[in-house]
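# Close look at the chain arrangement
These are the residues of each chain, in order.
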Amino acid sequence: MKKTDELFSEIKRSTQIDKFLDENKDSISNYTLTQYIDILIKEKNLTKKEVINKSELNYTYGYQIINGTRKPTKDKLIQLCFGLGATAEEANRILVLADAGGLYSKNRRDCIIIFALNKKLSLLETNEKLYELGENIIEI
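Bear in mind the structure is a predicted one, so any value in this text is a computation, not a measurement.

### Observations regarding the nonpolar core
Counting 34 residues, the largest nonpolar core has Leu 77, Leu 80, Phe 82, Leu 84, Ile 94, Leu 103 and Ile 113 as the members making the most contacts within it. Counting residues per element, the ones that place at least two in this core are α3 (33–43), α4 (48–55), α5 (59–67), α6 (74–84), α7 (88–97), α8 (108–118) and α9 (123–132). For this core, the element with the most residues is α6, which contributes 6 residues. For Leu 84, the contacting residues outside a window of four places in its chain are Leu 40, Ile 41, Lys 44, Leu 46, Val 51 and Ile 94.

Now the structure itself:
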């Protein structure tokens, strides 16, 4: 499976989109947000209940996000990412699939969140770091 930046470079060089799509079908997916969350839950051997508890989301609200019946804010999705133990790349994918933007490495707050996800900090530790560095915490 190719990385996003590899695919992006190939698209720019490509002269035929149908050929590009055919050659890269194993690296391109059309997952919905709920499908991708379900995949991560299974890959990480978690239950939905564990994810919601670790993310410190309201139980009903958490299930609504996971089941796709509620459109969450970016911060609620980030909370869910901490509950999933997501990497920064997985978190970005979740945010993009939810049309919530992404984590931007030129944004100071996002940098701290990317760092926290990659270092497997908890949501509480992340909020402490955000507060220490003068950034808005992730509202729980």
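Don't stop here, the text continues.
### Here's the deal with the packing of α8 against α9
The axes of two packed helices give the description: the angle between them and the distance between them. Their axes nearest at 10 Å, the elements α8 and α9 cross at an angle of 150°. Relative to α9, the element α8 is oriented roughly antiparallel. Seen along the crossing, α8 lies across α9 with a hand that is right-handed. Residue-level contacts link Arg 109, Ile 112, Ile 113 and Ala 116 of α8 to Thr 126, Lys 129 and Leu 130 of α9. Grouping the constituent residues of the contact of α8 with α9 by class yields 4 nonpolar, 1 polar and 2 charged.

### Quick word on the pattern of salt bridges
Inspection of the entire model under this criterion finds 6 salt bridges. For the salt bridge of Lys 74 with Asp 110, the shortest nitrogen-to-oxygen distance reads 3.5 Å. Note that Lys 74 is positioned in helix α6 and Asp 110 in helix α8, a separation of 36 residues in sequence. Between Arg 108 and Glu 135 there is a salt bridge, with its nearest N and O atoms 2.9 Å apart. Residue Arg 108 is found in helix α8, and its partner Glu 135 is found in the segment after α9; the two are separated by 27 residues along the sequence.

Cut-offs applied
- Residues numbered from 1 in each chain as written.
- Predicted model: local features only at pLDDT ≥ 70, side-chain atom pairs only at ≥ 80, totals over all residues.
- Heavy atoms only, no water.
- Core = buried A, V, L, I, M, F, W, Y, C linked by side-chain atoms within 4.5 Å.
- Buried < 20%, exposed > 50% of the residue type's maximum accessible area, 1.4 Å probe, protein only.
- Helix = DSSP H or I, 4+ residues; strand = E, 2+ residues; numbered from the N terminus.
- Contact = heavy atoms within 4.5 Å.
- Axes fitted to C-alpha atoms, helices over the stretch in contact; angles between N-to-C directions.
- Parallel < 35°, antiparallel > 145°, perpendicular 65-115°, else oblique.
- Left-handed = near helix turned anticlockwise from the far one by under 90°.
- Nonpolar A, V, L, I, M, F, W, Y, C, P; charged D, E, K, R; others polar.
- Salt bridge = Lys/Arg side-chain N within 4 Å of Asp/Glu carboxyl O.

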